[in-house]
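Below are the chains, spelled out letter by letter.
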Amino acid sequence: MPNFINVNSFIESHGKKNKKNLNSSCAPSISYRYTGHWKENHGHPLFGISVNHHLKPPQPTVFATVGYNRVTIYEAISDGIKLSQCYADPDTEENFYTCAWSYDNDTDRPILAAGGFRGIIRVFSPASMNCIKHFGHDILRVLSLINCYFFWQLIIINKLLRLWNVKTEVNLVIFGGVEGHRDEVLSADFNMDGSRIISSGMDHSLKIWRCDTEKIKQAINQSYTFGTKRIFPTELCHFPYFSTRDIHRNYVDCCKWMGEFILSKSCENCIVFWKPDQETSKEETKEIISTNLNNTENKVVVVHKIGYKDCEIWFVRFAMDLEQKVLALGNQVGKTYVWDLDVNQPSQIRSAVLSHPKCTSAVRQTSLSRDGSILLSVCDDGTVWRWDKN
């Protein structure tokens, strides 16, 4: 199991004293100021960061970072960040790629899941400072963990998406197979009510999966009472509700719902704001089994394209605040783009570009506090960056 390690001398701090070196270009509608940056001592890239949106004011802003064999939890304080806990996986060959927050609805305490190269999902309880559970999947990579306001966890393993009940350790549903992704899945997201999942991957495709079918509802209910002496009858979902390869021409490494719309990106220097063409969406029916992949491709309506520069590498992921009013994405040369989404028309979306002379490596992922007032990011050089909204 992962070890709780001493936090002393774990990070090197570079706080507000460097503020004079700031070079940020902000649009009038949105503005962030540099607060500080900190470097973790393991010397490896940080691939993931996640703010715990389940904590509400006056609770503090808590976030986690992952990279190498470390999972680290911080708290945002008035003048920077405070290191709270750090876990080291016993296998030094582990490389965590992603993390996500949820909570135990019995104790109302937060839990944190992390996974990566070894395909083992670790579930941590910060309150008890322990790794409380783990799920093993041989050597397949875990590239994304998406939490939901229900006590479920969506775990992406290679070409498949697996829906687990973390409390009972039951694998409810496997999404994939006949009409699933043809290559590794890189990203996924639940819609607001948990009835749909959008997924994307190395096969250039985006797929929408239903979580509200009668069979899946039955599996969810059954998972809470199922005994451990028998094998759970995992539901297999081979056919997505919607599928398209018309949006991107390369790996699709990030996708998120925004109401009934979807934001997705590839290695093409733009985030595409789009929605499925509902008239061509196909339900999961027996008739679809006799069709081939080309016939199940659906049409899309592209609403807007949000452009940026210098981001041709893959596995760079964007984030939004809880109310989806702010969008943030880093690039491969250390700059972070921030867009104000609180506009009347998509064409009115404008960006601010945040930069610092010492931030020159790829910004792998961003994360925002619940209200968007704090923007955090992690980089390939092992640094954590904080920007505060003016």
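Calculation rules
- Residues numbered from 1 in each chain as written.
- Predicted model: local features only at pLDDT ≥ 70, side-chain atom pairs only at ≥ 80, totals over all residues.
- Heavy atoms only, no water.
- Helix = DSSP H or I, 4+ residues; strand = E, 2+ residues; numbered from the N terminus.
- Contact = heavy atoms within 4.5 Å.
- Polar contact = N/O pair within 3.5 Å; in protein donor to acceptor, adjacent residues only side chain to side chain.
- Salt bridge = Lys/Arg side-chain N within 4 Å of Asp/Glu carboxyl O.
- Buried < 20%, exposed > 50% of the residue type's maximum accessible area, 1.4 Å probe, protein only.
- Pairing = 2+ DSSP bridges.
- Core = buried A, V, L, I, M, F, W, Y, C linked by side-chain atoms within 4.5 Å.

Undergrad: Which parts of the structure should I look at to understand the environment of Gln324?
TA: Within the element layout of this structure, Gln324 appears in the loop between β25 (319-320) and β26 (326-330). Once the C-alpha coordinates of Gln324 and Trp257 are considered, the two residues, 67 residues apart in sequence, prove to be 9.6 Å apart. Other than its neighbours up to four places away in sequence, Gln324 contacts Trp257, Met258, Gly259 and Leu341. Here Trp257 takes part through its backbone oxygen, which lies 2.8 Å from a polar atom of the side chain of Gln324.

Undergrad: Would you take a moment to explain unusual backbone geometry for this structure?
TA: Excluding glycine, residues mostly have negative phi values, and the peptide bonds linking residues are mostly trans. Following Pro57, the chain continues to Pro58 via a peptide bond in cis, the omega torsion being 10°. Inspection of the secondary structure assignment puts Pro58 in the loop between β4 (48-51) and β5 (61-67). Although it is not a glycine, Tyr68 adopts a positive phi angle of roughly 55°. With respect to the helices, strands and loops of the structure, Tyr68 is situated in the loop between β5 and β6 (70-77). Of note, the phi angle at Met129 is positive, near 55°, even though the residue is not glycine.

Undergrad: Help me out: how do you make sense of the pattern of salt bridges in this one?
TA: Between side chains of opposite charge, a pair can form as their charged atoms come close. One pass over the full model with this rule turns up 13 salt bridges. The partner of Lys167 in a salt bridge is Asp104, and the shortest N-O contact between them spans 3.2 Å. Residue Lys167 is located in the loop between β14 (160-165) and β15 (170-175), and its partner Asp104 is located in strand β8 (residues 96-104); the two are separated by 63 residues in the primary sequence. In this structure Lys167 comes out as partly exposed when scored by relative accessible area, which is 26%. A salt bridge links Lys325 to Glu323; the shortest N-O distance between them is 3.3 Å. For Lys325, a relative accessible area of 35% translates into the label partly exposed. Among the residues examined, Glu323 registers a relative accessible area of 56% and is labelled exposed. Through salt bridges with shared partners, one network takes in Asp89, Asp91, Arg118 and Arg122.

Undergrad: What am I meant to see in the pairing of strand β27 (residues 336-340) here?
TA: Here is the key point about a regular strand: its side chains alternate between the two faces of the sheet. Most of β27 is tucked away, with five of its five residues classed as buried. Burial of the side chains of β27 extends over both faces: Thr336, Val338 and Asp340 are buried on one face and Tyr337 and Trp339 on the other. Connecting β26 to the antiparallel partner β27 that follows it, the hairpin turn spans five residues, and Gly334 within it adopts a positive phi of roughly 95°. One ladder, built from four bridges, connects β27 with strand β28 (residues 351-354); its direction is antiparallel. Looking across to β28, one finds that Trp339 is bridged to Ser351.

Undergrad: I tried to follow the nonpolar core on my own but got confused; where do I start?
TA: Side chains of a nonpolar character, in soluble globular proteins, are inclined to be buried together. Core analysis: the largest hydrophobic core is formed by 19 residues, its most contacted members being Leu161, Leu172, Val173, Phe175 and Ile197. Of all elements in the fold, only β14, β15, β16 (185-190) and α1 (214-223) reach the threshold of two or more residues within this core. Looking at this core element by element, the count peaks at four residues for β15. For Leu172, the residues in contact, after removing those within four places along its chain, are Leu163, Trp164, Asn165, Ala219, Ile220, Ser223, Phe232, Thr234 and Glu235.

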